[in-house]
Amino acid sequence: MTSPKLDGPLGDKELRDIVLNGCAPAEIGDTEIARLDHYARATGLSHVSGERYGDAEEGGAGALERLAAQEIMGGFGRIAPETLYQRRGMILSRAAARIAAAPGVPATQRSDQSAETVELIRSENMHEGFFTFRAMELRHPRFDGGMSDVLRREVFVATDAAILLAYDPKRDRVLLVEQFRMGPYGRGDPRPWILEPIAGRVDGGESPEATARREAREEAGVELYGIERISSHYCTPGASTEYFHLFLGLCDLPELGHGQGGLDAEHEDIRTHVIDYEVAQGLLDSGEADNGPLILSLLWLQRERERLRASA
């Protein structure tokens, strides 16, 4: 047995229990040292194997770090910690999405049945990469009062995303982005370059509004002077955890035409389109607007345009 110094996030008992699988610090053996090394390498935590893990200035731990630790330690013995370190952004974003989901939404019309009444029998990650694909066996309460048979359901475990339609109410113009998308390509769409609002993953510890503002700068070079929430919603609740936070961003768009945007570090190849409001609405009529967030945000803008222009 050994007693290495545990500091930084490992100073938090709940997180430490996840990393050590419930082992007390005074009873740490070779297996626990291997688990500590795995966690430290997967998170970039400073350490000397078997002696010291973390420094006080590396901070403590909250709900975000604890949930991330569950995924990291779920890969112990299966996924190299260096690989998990490369995925740390997505791991933190998935953890943040679970925290954001916890309050739920009102249930005045739909059932207020708790998720705790679902009997989860088995859960298995079928794929673990940039995204995660999970299979579950479960039983859930039925509307007739009984329980369902054991069902196997598969879910694409994604993150929350912030999506923003940039609008200039003074000049009555919108900005759209165009980029190659795997969804249309995988479906067999002959034109897999798609027009969308600005969008990006909500990073761990970041609010959806902050993400929308950041992505406006990164994808389009646009600074917002105002932002309004349109909706927050699941995009494909039958098969995906992905959750959209949709905004309209008020900004100045003095030039019509095309531009370039995106970050090279994220391999983004983005073309921007600044177009008049009426041209944008014409995309609804022609069917060229064929993704949900763009359609929803343009319809919302139809309703709110007069108000926004009057106050510009």
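Within every chain, residues take consecutive numbers counted from 1 along the sequence as written. Side-chain atom pairs in this predicted model are given and counted only at pLDDT of 80 or more, local residue features only at pLDDT of at least 70, and totals for whole chains, interfaces and linings cover all residues. Hydrogens and water molecules were not included; the side-chain quantities draw on all heavy atoms of the structure.

Asker: I keep staring at the sheet that holds strand 4 (residues 119-128) and nothing clicks. Help me out?
Answerer: Paired through their backbone hydrogen bonds, the strands of a sheet run either parallel or antiparallel. A pair of strands is treated as paired once DSSP finds two or more bridges between them. We count a stretch as a helix when DSSP gives it H or I for four or more residues in a row; a strand needs E for two or more, and each element gets its number in order from the N terminus. Across the sheet, which stays open at both edges, the three strands sit in the order 4-5-6 with antiparallel pairing between neighbours. What marks the edges here is a single partner per strand, and that holds for strand 4 and strand 6 (151-157). Recorded for the sheet is a direction-independent mean angle of 20° between the axes of neighbouring strands. Note on geometry: axes are C-alpha line fits, over the in-contact stretch for helices, and angles between N-to-C directions span 0 to 180 degrees.

Asker: So what exactly am I meant to see when it comes to unusual backbone geometry here?
Answerer: Trans is the common state for peptide bonds, and a negative phi is the common state for residues other than glycine. Even without glycine at this site, Asn-21 takes up a positive phi of about 55°. Tracing the chain through its elements places Asn-21 in the loop between helix 1 (13-20) and helix 2 (30-43). For every residue, the accessible area (1.4 Å probe, protein chains only) is compared with the maximum for its type, and the residue is labelled buried under 20%, exposed over 50%, or partly exposed between those bounds. Here Asn-21 falls in the exposed class, since its relative accessible area comes to 62%. Notably, Asp-172 is not glycine yet its phi reads approximately 60°, a positive angle. Examined against the element boundaries, Asp-172 turns out to sit in the loop between strand 7 (160-168) and strand 8 (173-180).

Asker: Explain helix 1 to me, please; I cannot follow it from the model alone.
Answerer: Since the α-helix packs 3.6 residues into each turn, any two residues three or four apart lie on the same face. Looking at helix 1, one finds that the buried residues are Leu-15, Arg-16, Val-19 and Leu-20. One side of helix 1 holds all its buried residues, which, seen down the axis, span an arc of 125°. Close packing links the buried residues of helix 1 with strand 1 (5-6), helix 2 and helix 3 (63-74). Any N or O atom pair separated by 3.5 Å or less is treated as a polar contact, with the protein-specific requirement of one donor-capable and one acceptor-capable atom, and with residues adjacent in sequence counted only for side-chain atom pairs. The residue sitting at the N-terminus of helix 1 and contributing the capping side-chain oxygen is Asp-12; that oxygen lies 3.3 Å from the backbone nitrogen of Glu-14. Note that the arc is defined by the directions from the helix axis to the C-beta atoms. For this analysis, residues touch if any pair of their heavy atoms sits within 4.5 Å.

Asker: Explain the environment of Gln-86 to me, please; I cannot follow it from the model alone.
Answerer: With respect to the helices and strands, Gln-86 occurs in helix 4 (residues 81-86). For Gln-86, a relative accessible area of 66% puts it in the exposed group. Placed 158 residues apart in sequence, Gln-86 and Phe-244 show a C-alpha to C-alpha distance of 24 Å.

Asker: I'm lost on the sheet that holds strand 2 (residues 47-48) in this one. Help?
Answerer: Within the open sheet, the three strands sit side by side as 1-3-2. Their pairing is mixed. Here the strands that pair on one side only, and so sit at the sheet edges, are strand 1 and strand 2. In this structure, strand 2 lies alongside strand 3 (residues 52-53), joined through two bridges in antiparallel fashion. In the strand pairing of strand 3, His-47 is matched with Tyr-53.

Asker: Any chance you could explain the packing of helix 2 against helix 3 here in plain terms?
Answerer: Helix-helix packing is characterised by the crossing angle of the two axes and by the distance between the axes. Packing of helix 2 against helix 3 leaves a shortest axis separation of 10 Å and a crossing angle of 115°. Of the two elements, helix 2 crosses helix 3, and the hand of that crossing is right-handed. Counted together, Arg-35, His-38, Tyr-39, Ala-42 and Thr-43 of helix 2 and Ala-69, Ile-72 and Met-73 of helix 3 form the full contact between these two elements. Note on convention: near helix rotated counterclockwise from far helix by under a right angle means a left-handed crossing. Clockwise means right-handed.

Asker: Would you take a moment to explain the packing of aromatic side chains for this structure?
Answerer: Where two aromatic rings form a pair, the distance of their centres and the angle of their planes describe that pair. In this scheme Phe, Tyr and Trp rings, the latter by its six-membered ring, pair at centre separations within 6.5 Å, and the angle between planes marks the pair as stacked below 30 degrees, edge-to-face above 60, and tilted otherwise. Overall, the coordinates contain five aromatic pairs when judged by the stated rule. Ring geometry for Phe-130 and Phe-131: centres 5.1 Å apart, planes at 85°, overall edge-to-face. For the ring pair Phe-180 and Tyr-185, a centre distance of 5.6 Å and an interplane angle of 55° mean the geometry is tilted. The criterion for a charge sitting over a ring is simple: Lys NZ or Arg CZ within 6 Å of the ring centre, and within 35 degrees of the ring normal. The ring of Tyr-85 carries Arg-88 above its face, with NZ or CZ at 3.9 Å from the centroid. Here the guanidinium or amino end of Arg-305 rests over the ring plane of Tyr-277, the centre of that ring lying 4.0 Å away.

Asker: I would appreciate a short explanation of the side chain of Ser-148 in the present structure.
Answerer: Note that Ser-148 resides in the loop between strand 5 (132-139) and strand 6. With a relative accessible area of 6%, Ser-148 lands in the buried category. Setting aside chain neighbours within four positions, we find Ser-148 in contact with Arg-139, His-140 and Arg-142.

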